[in-house]
Amino acid sequence: MFLAPALLLGLLAIGIPLWLHRVARANPTQHQFASLMLLEASETQRTAKRTLRYWLLLITRILLLIALVLAFAGPLLTDRMMPQPNANAQLHAILIDTSLSMQHRGRWERALAEAESVIAELPSSDRVMLLTGSGQRVAVVNPSTPAGNAGAVRASLQGLKPGIERLDYGFAMNTANSWLGSPRPKVVLHLISDMQRSAAPLRFADLQLPAQTQLVMHDVSDGAAGNIYIASAGVLPLDTHSLQATVGSSFTEPQQRDVILRVDDKEVSRKTVALAAATAQPEIVAGEGGTAHEANLSMQPVSQPAHGNSTSFTKVTFNGLNLSAGAHRIEVVLEPGDELPQDDRFFSVIEQADPAALLISRDTEADDTAYFAAAIGALSAPRLKVEQRVANAMDSGGLGKYSLIVISDPSALSNAAARRIHSYVAAGGAALVTLGEGQEKNDPLLGDLHSGEVKNRTGKVGEVAGSHPVLREAADWNRVRFFRQRALQPTTDDQTLIALDDGTPLLMERTLGAGRMLILTVPVDRRWSDIAIHPLFVHFIGAAASYLTQAEATTSNALVGSIVTTGLTAGGGGQIFDPQGRRVLGLAQSTTDRLIPDQAGFYEIRGSEGARWLAVNVDTRESDLTPLPPDFIARWQALRAQEPTSAVASTPTPEVKPESLGPWLLWLAAILLLAETLLANRHLAIRREVPK
């Protein structure tokens, strides 16, 4: 089939190179003779031997002409010649669970063998793609490939390894449309996993599969397996010199482990702990004290469910933990390790510092400065050392040593100082801000908090969020009188804690990165209100300082795969190092304020405000190896059958259009033309016959 079959007459031009390569005749050599008078006249006949020369050049020219003629004639590759897609072909998506629990006792090896078995049984007309899932992502390892050419998929299997993040089945199913691609044929989704119970989503509806998708589960677990892990470790709320670690065990038999406490890479205490069986109610056993060089240790086994599973927990308390001022890296380790050693360690950071508060004001002699200094200095819990600084002297000096920053008038700050305080709070700091009289509508510290005009209006408190830790004395706020107020439009991220009787926000809380900020919308000025002369003011400052400084201590811990705010900005810069001491980001990326840690251990974040540690742990939900119950799996499979009929309609086979071979023949003609030129220059030289 041709687009222009009449042009095939051009093949007659093949005779041209045959004529050019015609027979070469040799001219006879003439010799002198005495006389022809005695010879009888006769007719002279001459013959010449004709031979074809330069065979390779001739063939090249003939092929060149054929390629040119066919290229302009336009031969078509019809549907009879082209392979037709199978209307019943399916896409087999192999999703392999690479979460932490897959590292337990041969599960990963069984997963790879199961994937190999699935690929080997696929019809050659089907297609296959390989994916991995863990954390908040599903990665496409190999895109859709014909099953007959699945060698690359098999090779990719050998390079896969399980990670240390958690897999959420709901997240994987919800994002299936994005990684399966569109359009696509009917899909068979092969989920190769240990079918961990803790991987189930909070909402069962999140497990809904996309249309035209069949789920095939490949369970590579060995049933319910026992595991021992550290569920948590941290300082007790009412005793900062005691650290408590919680050890979980899902074994059905009693176990014994050594619990080791390390502070800044040095072993401080070691104790042998008896762990109760998961199915038994353990008795309360008094702990034994440590040796002279150890901290005192007490144990109190308890039993409670974890994710619906019967898991026993043993609480271990280290007393007499006397730490010097500064940040300390705390590590609790179980020995000997088990078949899932990644959860046998727990990392934590404890900030042991002499708390100090920085009071920033427009004038150190102003009344509001005296009110704040007196209220903060009167605190006993927490006891804060107050340092005062004028707003226009804030362009230099670090802020990392302060537990709390109090700003009486943000409008007095320069843009550079406001940005530095913003970075300090975003990195996990705490700030108490009161808006001054000259507050601008937008500044680098308060951002898009829109401030309107000031009105002389007498009002009282209308609504108080009494459940908030700062507002335990909610009734006393009704006695405060306000003489002036400012119209405000808070952002969607601001939480209004106190509102005036006309709805104007009086006290707001804002979460800024990893830190918190309380914003009082009126100045501490007798012309605005009489809050400064009420006993409530001292109670409010104390409650706010206690709440904000405690919030700071919770920002030094994170989970693998979570988003962590680093507090690094383009202006300040900084560096981030992983637990192995390697730089996490390049210099051009080190100003990002977000970090997604992929290792368990201590990350070091160095910024303009100094260095701080971040403790990263694995998600303890991965330590619960209880499999999904059979009824849950049956409900999951039945969820696919509820798809509407219109959603599962067969996908029409796409029409295959004939493809022209003309462009390819033109490329072939160009190559032949180049070859003909080279051969012609070599062979077609002028030759003269020479007498023999």
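Predicted, not measured: the structure shown is a model, and the values here were computed from it.

Rules used throughout
Residues numbered from 1 in each chain as written. Predicted model: local features only at pLDDT ≥ 70, side-chain atom pairs only at ≥ 80, totals over all residues. Heavy atoms only, no water. Helix = DSSP H or I, 4+ residues; strand = E, 2+ residues; numbered from the N terminus. Buried < 20%, exposed > 50% of the residue type's maximum accessible area, 1.4 Å probe, protein only. Pairing = 2+ DSSP bridges. Axes fitted to C-alpha atoms, helices over the stretch in contact; angles between N-to-C directions. Phe/Tyr/Trp six-rings, centres within 6.5 Å; stacked < 30°, edge-to-face > 60°. Lys NZ or Arg CZ within 6 Å of the ring centre and 35° of its normal. Salt bridge = Lys/Arg side-chain N within 4 Å of Asp/Glu carboxyl O. Contact = heavy atoms within 4.5 Å. Polar contact = N/O pair within 3.5 Å; in protein donor to acceptor, adjacent residues only side chain to side chain.

Re unusual backbone geometry
Part 1: For the peptide bond that leads from Ser182 to Pro183, omega is -5°, which places it in the cis range.
Part 2: Between Glu335 and the following residue, Pro336, the backbone shows a cis peptide bond with an omega angle of -5°.
Part 3: When you line up the elements, Pro336 lands in the loop between strand 13 (326–335) and strand 14 (345–352).
Part 4: Of note in the backbone geometry, Gln212 takes a positive phi value of approximately 60° without being a glycine.
Part 5: Not every positive phi belongs to a glycine, and Asp265 is a case in point at roughly 70°.
Part 6: Within the element layout of this structure, Asp265 appears in the loop between strand 9 (255–263) and strand 10 (266–275).
Part 7: Overall, the relative accessible area of 56% leaves Asp265 in the exposed class.

Quick word on the sheet that holds strand 27 (residues 574–577)
Strands pair in a sheet through their backbones, by hydrogen bonds, and they do so in one of two ways: parallel or antiparallel.
Part 1: On the basis of which strands lie adjacent, the open sheet formed by four strands has the order 25-30-29-27 and mixed pairing. Since the sheet does not close on itself, it has two edges, and those belong to strand 25 (557–559) and strand 27, each with one partner. Neighbour-to-neighbour, the strand axes of this sheet turn through a mean angle of 25°, independent of strand direction.
Part 2: In this structure, strand 29 (residues 601–607) lies alongside strand 30 (residues 610–617), joined through seven bridges in antiparallel fashion. Considered in strand 30, the bridge of Arg606 is made with Ala611.

A few points about the packing of aromatic side chains
By convention here, two paired aromatic rings are described through the distance between centres and the angle between planes.
Part 1: Inspection of the entire model under this criterion finds five aromatic pairs.
Part 2: Judged by centre distance (5.6 Å) and plane angle (40°), the rings of Tyr169 and Trp636 are tilted. Separated by 467 residues along the polypeptide, Tyr169 in helix 5 (residues 169–174) and Trp636 in helix 10 (residues 630–640) bring together distant segments of the chain.
Part 3: Relative accessible area serves as the criterion here: at 1%, Tyr169 is assigned to the buried category.
Part 4: By relative accessible area, Trp636 is classed as buried at 1%.
Part 5: Ring geometry for Phe347 and Phe602: centres 5.2 Å apart, planes at 80°, overall edge-to-face. Residue Phe347 is located in strand 14, and its partner Phe602 is located in strand 29; the two are separated by 255 residues in the primary sequence.
Part 6: Look at Phe602 and you get buried, because its relative accessible area is 10%.
Part 7: The side chain of Arg329 reaches across the aromatic face of Trp613, ending 4.6 Å from its centre.

Focus on the pattern of salt bridges
Part 1: All chains considered together, the criterion is met by 22 salt bridges.
Part 2: Here Asp222 ties to Arg105 by a salt bridge, and the two come within 2.8 Å at their closest N and O atoms. Taken together, the residues Asp222 in the loop between strand 6 (213–219) and strand 7 (228–236) and Arg105 in the loop between strand 2 (90–97) and helix 3 (107–120) connect sequence positions 117 residues apart.
Part 3: For Arg107, the salt bridge is made with Asp222, and the minimal N-O distance between the two is 3.6 Å.

Let's talk about the environment of Ser134
Part 1: Residue placement: Ser134 occurs in strand 3 (residues 127–134).
Part 2: For Ser134, a relative accessible area of 10% corresponds to the buried category.
Part 3: Ser134 sits 38 residues away from Ala172 along the chain, and the two C-alpha atoms are 8.7 Å apart.
Part 4: Here Ser134 is in contact with Thr98, Ser99, Glu165, Arg166 and Leu167, once residues within four sequence places are set aside.
Part 5: Only 3.4 Å separates the side chain of Ser134 from the side chain of Thr98, close enough to count as a polar contact.

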